[in-house]
Amino acid sequence: MPLFYAAGRGDKEMVRFLMHSMDLKRLKGEPGFRVLYQLTINQLYDIALEVLQNKPTLAFFIPKKEEDLKFHALTALADKPSSFESGNNYNFLKRFIYSSMEPEDIADYRRRDQDIEAPTSNNFVADNGGWGNAVKKRLHAMLWKVAGKIDITGRLIEPIREKKLLHSQALELLRYLCEQAIKLDFSNASRIFRLPLEQATSVGIHEIVEEILRLHPYAVSLENHKKQLIFQQAIVYRQEKVFNIIYQLKEYSAIVLSKWDTDDNNALHLAGYVAPPQLLYRRAGAALQMQRELQWFKVFFLFK
């Protein structure tokens, strides 16, 4: 299928061309399932969502072979931590720009010569929510005018804007996939969610974990091959943002933290093991590493 290969190469223009020349409702079964995976793994999230909206059944398609569930679009999302806000470590300036930016701001800051004086007509006040909103809009416009003068070439702001747009598209796709998947019966929904949940936990994509648990609370009891629940896995991989979700599920905390895995380890034992090297060295210096490890060790006693 040409669309499959174009999606596999991440060729957005070719994918668009092929989609316009075919009926998207013909994308069904295993071929459609694989195309959706290729679109997602290559971060063509807006196109993947368009395909899903035309063929929602692809979100809860169950392949004949159990191992082929690894090609579900949710699993592809869970393999892309940089597609979510949690997977990006910005410095203070970039965090500030990111948090105050809307997708349309890339056009606003380029219009550096626009008039940013606050309108004074009563119609403006009535139509836009009062003077508080008017002041907010004026400050926002001033921010992007200053930013535009500082960042003349767009090398700082434009990549952040594009990244935030990508994050927004990934979240929209995630929510749509989960909302469709829960239309399955309890058992099959759990089959779809298990692998993405495990993968998202291991790399710290708390957005995926939260969305799955919100729509399918039973997923808190899904286990990996070592019989570890997601919060035990979060301890193993030192993913504090995922682990912190447990504070929203206090009724499960005692059960989760006292459960034993196949190696006879509970949460206390898992916290006592040394973190994986690639995670341990995030903190420079032995003192900071030890401090961070001790924090994990103390977590167990918070729920006693």
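For clarity, every value in this text was computed on a predicted model and none was experimentally measured.

Engineer: Now, about the overall build of the protein: what can you tell me, with residues and values included?
Structural biologist: When you go through the protein residue by residue, the secondary structure sums to 18 helices and 0 strands. A burial count over the protein gives 44% of its 304 residues as buried. Contacts spanning at least 24 positions in sequence make up 74% of the contacts within the protein whose residues lie at least 6 apart.

Engineer: Just give me the short version of the nonpolar core, but keep the residues and values in it.
Structural biologist: In this structure, Leu77 and Phe231 are the most contacted members of the largest nonpolar core, which totals 64 residues. Considering every element that reaches this core, the biggest residue donor is helix H10 (residues 157-181), with 8 residues. The contact partners of Leu77, leaving out residues within four places of it in the chain, are Thr40, Tyr45, Phe84, Ala170, Leu173, Leu174, Leu177, Ile205 and Ile208. Counting residues in hydrophobic clusters, the runner-up holds 6 residues, among them Tyr90, Ile97, Met101 and Ile160.

Engineer: Could you give me a rundown of the side chain of Asp68, with the residues and numbers involved?
Structural biologist: Here Asp68 lies in the loop between helix H4 (45-54) and helix H5 (73-78). What makes Asp68 buried here is its relative accessible area of 12%. Discounting chain neighbours no more than four positions away, the residues touching Asp68 are Glu30, Phe33, Arg34 and Pro63.

Engineer: Before we move on, could you go through the pattern of salt bridges and cite the residues and values that matter?
Structural biologist: Tallying each qualifying case throughout the model produces 11 salt bridges. Its salt-bridge partner being Lys226, residue Asp263 comes within 4.0 Å of it at the nearest N-O pair. On the criterion of sequence distance, the pair formed by Asp263 in the loop between helix H15 (250-258) and helix H16 (267-272) and Lys226 in the loop between helix H12 (206-215) and helix H13 (230-236) is long-range, its members being 37 residues apart. Here the salt bridges share partners, and the residues they tie into one network are Lys12, Arg16, Asp46 and Glu50.

Engineer: Hey, could you go over unusual backbone geometry for me, with residue numbers and the actual values?
Structural biologist: Even without being a glycine, Arg238 presents a positive backbone phi close to 55°. On the secondary structure map, Arg238 appears in the loop between H13 and helix H14 (240-243). Exposure remark for Arg238: the relative accessible area of 4% places this residue in the buried category. Unlike most non-glycine residues, Asp264 shows phi in positive territory, near 60°. Relative to the elements of secondary structure, Asp264 occurs in the loop between H15 and H16. Since its relative accessible area comes to 54%, Asp264 is described here as exposed.

Engineer: Now, about a nonpolar patch on the surface: what can you tell me, with residues and values included?
Structural biologist: Residues Phe92, Leu93 and Phe96 make up a contiguous nonpolar surface patch of about 350 Å² in total accessible area. With respect to the helices and strands, Phe92 occurs in helix H6 (residues 92-99). Accessibility expressed as a relative area gives 66% for Phe92, which makes it exposed.

Engineer: Explain the packing of helix H3 (residues 29-41) against H4 to me, using residue names and the numbers behind them.
Structural biologist: Here H3 crosses H4 at 155°, and the two axes come no closer than 8 Å. Taken together, the axes of H3 and H4 are roughly antiparallel relative to one another. H3 and H4 meet at a crossing whose hand is left-handed. Within the contact between the two elements, H3 uses Leu36, Leu39 and Thr40 and H4 uses Tyr45, Ile47, Ala48, Val51 and Leu52. Looking at side-chain class alone, the contact of H3 with H4 contains 7 nonpolar, 1 polar and no charged residues.

Engineer: Requested: an account of the packing of aromatic side chains, with residues and values cited.
Structural biologist: Applying the stated criterion across every chain, the model contains 6 aromatic pairs. On the numbers, 5.4 Å between centres and 85° between planes, the contact of Phe4 with Tyr5 is edge-to-face. Residue Phe4 is classed as partly exposed on the basis of its relative accessible area, which comes to 25%. Tyr5 gets classed as exposed once you look at its relative accessible area, which sits at 53%. Ring geometry for Phe186 and Tyr218: centres 4.4 Å apart, planes at 55°, overall tilted. One end of the pair, Phe186, is in helix H11 (residues 186-203); the other, Tyr218, is in the loop between H12 and H13, with 32 residues separating them in the sequence. The class of Phe186 is partly exposed, set by a relative accessible area of 48%. Given the relative accessible area of 41%, Tyr218 is considered partly exposed. Cation over ring: Lys164 sits above Tyr98, and NZ or CZ is 4.8 Å from the ring centre.

What counts, and at which threshold
- Residues numbered from 1 in each chain as written.
- Predicted model: local features only at pLDDT ≥ 70, side-chain atom pairs only at ≥ 80, totals over all residues.
- Heavy atoms only, no water.
- Helix = DSSP H or I, 4+ residues; strand = E, 2+ residues; numbered from the N terminus.
- Buried < 20%, exposed > 50% of the residue type's maximum accessible area, 1.4 Å probe, protein only.
- Contact = heavy atoms within 4.5 Å.
- Core = buried A, V, L, I, M, F, W, Y, C linked by side-chain atoms within 4.5 Å.
- Salt bridge = Lys/Arg side-chain N within 4 Å of Asp/Glu carboxyl O.
- Patch = residues over 30% accessible without salt bridge, like charges linked within 9 Å, V, L, I, M, F, W, Y side chains within 5 Å.
- Areas by Shrake-Rupley, 256 points an atom, 1.4 Å probe, with all protein chains shown as cover.
- Axes fitted to C-alpha atoms, helices over the stretch in contact; angles between N-to-C directions.
- Parallel < 35°, antiparallel > 145°, perpendicular 65-115°, else oblique.
- Left-handed = near helix turned anticlockwise from the far one by under 90°.
- Nonpolar A, V, L, I, M, F, W, Y, C, P; charged D, E, K, R; others polar.
- Phe/Tyr/Trp six-rings, centres within 6.5 Å; stacked < 30°, edge-to-face > 60°.
- Lys NZ or Arg CZ within 6 Å of the ring centre and 35° of its normal.

Any functional reading would require information that these geometric values do not contain.
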